[in-house]
Structures are given as structure tokens and as C-alpha cells.
Amino acid sequence: MFLRVDKLQTELPAPKRQDPNAAAALQELLGGKYGEMSTLGNYMFQSFNFRSKSKLRPFYSIVAAITAEELGHVELVSNGVAMLANGPDSEANEKGGADISNAPFDAMKDIRLAASFYSNGGGSMPVDSNGAAWNRDFVTTTGNVIVDLLHNFHLECGARLHKLRVYESLTDPTGREVCGYLLVRGSVHAHAYALAIKKITGADLDKVLPTPNIPLDKIPECQKYLAEGSHRRLYTFSPEDYREMAGIWGGGGEQALPGDPPGELEVVEGMPEGGKIHDLTGVASAFTPDYAPEEMFEVATKLYKMSR
């Protein structure tokens, strides 16, 4: 089962401006071939279908724990997309009755993913940067632990290249923060799968990491995560389960990758501290959240007070 916490895995800065085209670019990290929907789908179904869980517990645990982190990555990218489409934090008037006679969203017809406004109100969806739907053909679960781990290593390496290309196309701090955080965490996952393969087969994939060669020390948004040691940590995302992955990650004195700040790998019980989820402002002329939002807000306020 999964436990949900009302935070993002890291704090995202507010966008400098409304930029639906940047949001479309970030969609690639959600629903693209190497996007977070793909990493989540692969690891989740591999963990569900894992053979000999009790006998191969450390390997099952590492796939299962990374599954939970990937679910949070889907949430992080989705929030980044919606924030870029929404624009800077504001205290806009959310009352109904807005004048819509002069095409208040005239510019939306010319954005890359017009459907992101017309159908989704500027929200995220499991599609890539061109609006093509993510699909189950991106999921590999063979029942063979070595093949699956090797596939996962390839997937994480492809995802890191994916993220770097999107990063290089963005200027807004929101999108770049998403990419910077995921580049660090993707490096951790690729390293974890490489170590798992090494434990089973003896094949030393550490010698070809990082693949592709992405020096994190040259990416400003990665620096605070490197400084705090995020590149050396795998989280269990559970209060007591999946500790067995310490036999693969950090149990034998393994060190951080060359080029990253030095230190021993460690398993951390639980999850990152995380950061707030931004409260996106409703737009009256787009009928969000409804035709008479003030009535909905009044009802919600009463319900909230009753719950305290």
C-alpha cells in the first residue's frame, strides 16, 4: 500500500511569468518515453510481479522503494507544469461573473499544446511535449530480475539525458528546479541499479557511470542537493519496510560517484523533508473552480472548521 503526504519532494520556486510553452516542454518529463510516468510504471509493475520476493529481498526492496519515490516525481513534475501554465503566485479575484466577451484567453489558441488549456485548464496530463499520450508500451516487466534491472539502468540513463535537454530549453526557475532535482535523484537511481546488477552478476557498471556523462557540478540547480548529500541517499519511503536494500546501497562501504561530492552511500528510513505545494489561483473567466466559486469557498470553510 502507499502512504500519501501533502508535500512535494522538494520546494519549487514560483514562476516569474505565465509560460504555457515552458509547461509544454516540461510535459516531456512527465509523459515522454523516458518521463516519470515511464519510470513509475516500470518499477511499480516490476515490484508487483517480482518473483521470489522473500529470497531476493534486497533487490525487491530497492525496486519497491524507488517506485514510491517515482510516484512523488510524477507529482513534482505535474505541479511544475501547472505552475508554469498558471504563472506567478497571486491573490487574484476568484469571484464569479467575470467578463468573457473580449476573448480573455486569445493567446491560448497559439500555444504549443492548446489542449492543455482547452481540455485541462492549464493542468498537467500524462502526455509528452507534443500532446501524444503516454502508454503502457513504455513498461517492461519480464519476470527476470537481471533483465529488469538492466532495463531500469538504461531507463534512468535515458531519463537523465531527457532531463538535461529539457533543462537546456528552459529559463524559468520553476522548470529548471524540477530538472535540477530530478537530475540528482536520477543519478542515484541509475547508480542503485548498477550496484544491484554488480551484486548479482559481478558486472561493474560503475565504471561507465554516469551514462550519459552529465557533470552535475556544472548545473547550478543541482548544487544544494549535492551539498546536502542527496546524491548519496536512497529513501525507503516507509516507516519500517524496505530496509534490506542497505545490502546493495551503502551496506558495503560504497562511495558516491566520481565527480560528485565524496561520501559513503546511505539508506534513509522514511522520506525527504519535502516542500510546500503551491496553491494555484482560480481564474474566474475560465470558470475555475465553478460558476459561483464564492459559494464553494464558503462551504469549504465551514467544513474545514468542523474538521478541526
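Residues numbered from 1 in each chain as written. Predicted model: local features only at pLDDT ≥ 70, side-chain atom pairs only at ≥ 80, totals over all residues. Heavy atoms only, no water.

**Some words on the overall build of the protein chain**
Part 1: The helix and strand inventory of the protein chain stands at eight helices and two strands.
Part 2: Seen in sequence order, the protein chain has helices and strands lined up from the N terminus as α-α-α-α-α-α-α-β-β-α.
Part 3: Overall, the protein chain is about 70 × 45 × 35 Å in size when its C-alpha atoms are taken along their principal axes.
Part 4: Here the protein chain, with 308 residues, has 49% of them falling under the buried criterion.
Part 5: Considering only contacts within the protein chain whose residues lie at least 6 apart along the sequence, 80% involve residues at least 24 apart.
Part 6: In the structure as shown, the protein chain presents an accessible area of about 15,400 Å², 54% of it carried by carbon and sulfur atoms.
Part 7: Charge-centre separation for the protein chain: the mean point of 30 positive side chains lies 5 Å from the mean point of 40 negative side chains. (Helix = DSSP H or I, 4+ residues; strand = E, 2+ residues; numbered from the N terminus. Buried < 20%, exposed > 50% of the residue type's maximum accessible area, 1.4 Å probe, protein only. Contact = heavy atoms within 4.5 Å. Areas by Shrake-Rupley, 256 points an atom, 1.4 Å probe, with all protein chains shown as cover. Lys, Arg positive; Asp, Glu negative; His and termini not counted. Charge placed at Lys NZ, Arg CZ, Asp CG, Glu CD.)

**Considering the packing of helix α3 (residues 57-86) against helix α6 (residues 173-201)**
Part 1: Two numbers describe how α3 lies on α6: the axes approach to 11 Å, and their chain directions differ by 165 degrees. On the basis of the axis angle, α3 is roughly antiparallel to α6. Taken as a pair, α3 and α6 cross one another with a handedness that is left-handed. Here F59, I62, V63, I66, E69, E70, H73, L76, V77, G80, M83 and L84 of α3 come into contact with α6, specifically with T174, G175, V178, Y181, L182, R185, H189, A192, Y193, A196, K199 and I200.
Part 2: Residues belonging to the contact of α3 with α6 are distributed by class as follows: 15 nonpolar, five polar and four charged. (Axes fitted to C-alpha atoms, helices over the stretch in contact; angles between N-to-C directions. Parallel < 35°, antiparallel > 145°, perpendicular 65-115°, else oblique. Left-handed = near helix turned anticlockwise from the far one by under 90°. Nonpolar A, V, L, I, M, F, W, Y, C, P; charged D, E, K, R; others polar.)

**Brief notes about the environment of L216**
Part 1: Considering the arrangement of structural elements, one finds L216 in the loop between α6 and α7 (223-227).
Part 2: Taking relative accessible area as the criterion, L216 reaches 2% and is therefore assigned buried.
Part 3: Residues L216 and Y60 lie 156 residues apart in sequence; the distance between their C-alpha atoms is 29 Å.
Part 4: Apart from the residues within four sequence positions on either side, L216 is in contact with R160, L183, V184, S187, C222, Q223, L226 and D260.

**Brief notes about unusual backbone geometry**
Residues other than glycine predominantly adopt negative phi, and peptide bonds predominantly adopt the trans conformation.
Part 1: The backbone of S52 sits at a positive phi, close to 55 degrees, despite the residue not being glycine.
Part 2: Among the structural elements, S52 can be located in the loop between α2 (36-49) and α3.
Part 3: Here Y242, not a glycine, exhibits a phi torsion of approximately 70 degrees, which is positive.
Part 4: Of note, Y242 is situated in the loop between β1 (233-235) and β2 (266-268).

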